[in-house]
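Each chain is listed here by its residues.
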Amino acid sequence: MPIQPTNKSPLDLNPDITIGVTFPLMDDGQFAPSHTVKEQVKTNILSVLLTEPGERLFLPDFGVGLKGLLFENITDTQGLRDRIEDQLDEYVPEIQVVDLDLSFDRDKATLSVKLTYAIQFENQMDSIQVNIAGSADGVDIYKSIGGF
């Protein structure tokens, strides 16, 4: 059986180096650091999906704004799919979208986005699922660990 070679980012070689901060930003009053490119990519994807357009200073086009779409009458899923893919191409260029699944439940007022992606310099795929519900809880985020 041949061994599948994997590439590793030089940033992942030293576990003492912090690449960025993870989502959510505050955990017990501390910033939770990300030590791998894989962790930081997930945080960047969440930032793009959950940020409302116009919310980020000096980047008025940044963000998909999924929370703002929750109570909209969404009939154009292809338009939302294109918006997500365009935003990820622009602001998270280190990934390639493999699969994007959108589902809406109007009765429960929930929007679910499941994204499968590959980090371009690694031979690994990973996925993330974001569920947005119209309740006091707000946003539910399911992140896979270690791919599939």
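Residues numbered from 1 in each chain as written. Predicted model: local features only at pLDDT ≥ 70, side-chain atom pairs only at ≥ 80, totals over all residues. Heavy atoms only, no water.

Right, let's talk about the packing of helix H1 (residues 37–50) against helix H2 (residues 77–91) for a bit. One way to put it is that H1 packs onto H2 with a least axis distance of 10 Å and a crossing angle of 135°. Between H1 and H2, the interaxial angle falls into the category oblique. Judged by the sense of rotation from one axis to the other, the crossing of H1 with H2 is right-handed. Counting all contacts with H1, which are made through Ile 45, Val 48 and Leu 49, the residues of H2 involved are Ile 84, Gln 87, Leu 88 and Tyr 91. (Axes fitted to C-alpha atoms, helices over the stretch in contact; angles between N-to-C directions. Helix = DSSP H or I, 4+ residues; strand = E, 2+ residues; numbered from the N terminus. Parallel < 35°, antiparallel > 145°, perpendicular 65-115°, else oblique. Left-handed = near helix turned anticlockwise from the far one by under 90°. Contact = heavy atoms within 4.5 Å.)

Overall, the coordinates contain one aromatic pair when judged by the stated rule. Aromatic side chains Phe 62 and Tyr 91 sit 4.8 Å apart centroid to centroid with 75° between the ring planes, which places their arrangement in the edge-to-face category. Of this pair, Phe 62 sits in the loop between H1 and H2 while Tyr 91 sits in helix H2, and the two are 29 residues apart along the sequence. Overall, the relative accessible area of 25% leaves Tyr 91 in the partly exposed class. Above the plane of the ring of Phe 62 lies Arg 56, whose end atom (NZ or CZ) is 4.9 Å from the centre. (Phe/Tyr/Trp six-rings, centres within 6.5 Å; stacked < 30°, edge-to-face > 60°. Buried < 20%, exposed > 50% of the residue type's maximum accessible area, 1.4 Å probe, protein only. Lys NZ or Arg CZ within 6 Å of the ring centre and 35° of its normal.)

This part is about the environment of Thr 22. Within the fold, Thr 22 resides in strand S1 (residues 20–27). Classification of Thr 22 as buried rests on a relative accessible area of 13%. A C-alpha to C-alpha distance of 5.7 Å links Thr 22 and Ala 32, two positions 10 residues apart in sequence. When neighbours within four sequence positions are excluded, Thr 22 is seen to be in contact with Ala 32, Pro 33, Ser 34 and Thr 43.

Let's shift gears to the pattern of salt bridges. Considering all chains together, one arrives at two salt bridges under this definition. When the shortest N-O distance is used, the salt bridge between Lys 38 and Asp 126 registers 3.8 Å. Taken together, the positions of Lys 38 in helix H1 and Asp 126 in strand S5 (residues 125–133) put the pair 88 residues apart, joining distant regions of the chain. Measuring nitrogen to oxygen at the nearest pair gives 3.3 Å for the salt bridge that ties Asp 126 to Lys 42. Of the two residues, Asp 126 is situated in strand S5 and Lys 42 in helix H1; the sequence distance between them amounts to 84 residues. Salt bridges linked by common partners bring Lys 38, Lys 42 and Asp 126 together as one network. (Salt bridge = Lys/Arg side-chain N within 4 Å of Asp/Glu carboxyl O.)

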